[in-house]
Amino acid sequence: MENCVFCKIIGGEIPSERMYEDDDLIVIRDIEPKAKLHYLCIPKEHFALLSEMDERRAELLKRCFEKIPALAGKLGLEDGYRIIINQGENGGQSVHHLHIHLLGGEKLTGF
Ligand code: AMP
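How each quantity is defined
- Throughout, residues of each chain are indexed from 1 in the direction in which the sequence is written.
- In view of the model being predicted, local features appear only for residues whose pLDDT reaches at least 70, and side-chain atom pairs are presented and counted only at 80 or more, with totals across whole chains, interfaces and linings using the full set of residues.
- Water and hydrogen atoms play no part in the side-chain values, which are based on all heavy atoms of the structure.
- Whenever a carboxyl oxygen of Asp or Glu lies within 4 Å of a side-chain nitrogen of Lys or Arg, that contact is scored as a salt bridge.
- The cut-offs for exposure are 20% and 50% of the maximum accessible area for each residue type, with area from a 1.4 Å probe on protein chains only; residues under the lower value are buried, those over the upper are exposed, and the others partly exposed.
- Secondary structure elements are defined from DSSP: runs of H or I of at least 4 residues count as helices, runs of E of at least 2 residues count as strands, and each element is numbered from the N terminus.
- UniProt positions are given in the numbering used here, feature names are shortened, and annotations may be inferred rather than shown by experiment.
- Any two residues whose heavy atoms approach within 4.5 Å are treated as being in contact.
- Whenever a nitrogen or oxygen atom comes within 3.5 Å of another N or O atom, the pair is scored as a polar contact, on the condition that within protein one atom can donate a hydrogen and the other can accept it, and that pairs from neighbouring residues in sequence are kept only if both atoms are in side chains.

Q: What should I look at first to understand the pattern of salt bridges in this one?
A: Between side chains of opposite charge, pairing is possible as soon as their charged atoms come close. Taken as a whole and judged by the stated rule, the model has 11 salt bridges. Notably, a salt bridge pairs Arg18 with Glu21, separated by 2.7 Å at the nearest N-O pair. The class for Arg18 is partly exposed, based on a relative accessible area of 31%. Residue class for Glu21 comes out partly exposed when judged on its relative accessible area of 39%. Among the salt bridges present, the one from Arg63 reaches Glu59, with a minimum N-O distance of 3.2 Å. Note that Arg63 and Glu59 are positioned in helix H2 (residues 55-75) at a spacing of four residues, about one turn of the helix. According to the relative accessible area criterion, Arg63 is partly exposed, its value standing at 30%. Salt bridges linked by common partners bring Asp24, Glu45, Arg56, Arg57, Glu59, Lys62, Arg63 and Glu66 together as one network.

Q: For this particular structure, what's the right way to read the UniProt feature "active site" (unreviewed entry) in the protein chain?
A: UniProt's feature table lists "active site" (unreviewed entry) at His99, given in the numbering used throughout. For His99, the location among the structural elements is in the loop between helix H3 (88-91) and strand S5 (100-104). Taking the relative accessible area as the measure of exposure, His99 reaches 6% and is therefore buried. The residues touching His99, leaving out its near neighbours within four places in the chain, are Phe6, Leu40, Cys41, Ile42, Ile84 and Ile85. Within the structure, the side chain of His99 is placed 2.6 Å from the backbone oxygen of His97, a separation counted as a polar contact.

Okay, structure coming up:
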């Protein structure tokens, strides 16, 4: 998708610190961390919202949610983490390519 920062990261046009990649998804370090450790798990297919779900996208998200716990140790999240998916304007979504925030590396408060 043109002008999508995450599509550009996936395509290698914009550099990122890639922690993991396979055919379906990438995990990168967030450029503006909101916790000691902050990663983004990004399905490679461009879509913005959970309301745009179809079978293929549901399968992609399932793979993300299987991969996240499998990678937790490697990412330094073995003591737990918080998952956030911001949706739309009121949810504070700034990049309109669906992504899962992984926050951890410290005891998180404020929830
Ligand atoms: P959201 O507000 O939920 O759409 O989250 C977008 C996230 O993408 C924010 O936490 C940003 O810090 C992060 N972000 C934006 N551009 C980049 C980039 N080039 N590399 C890594 N993370 C980015």
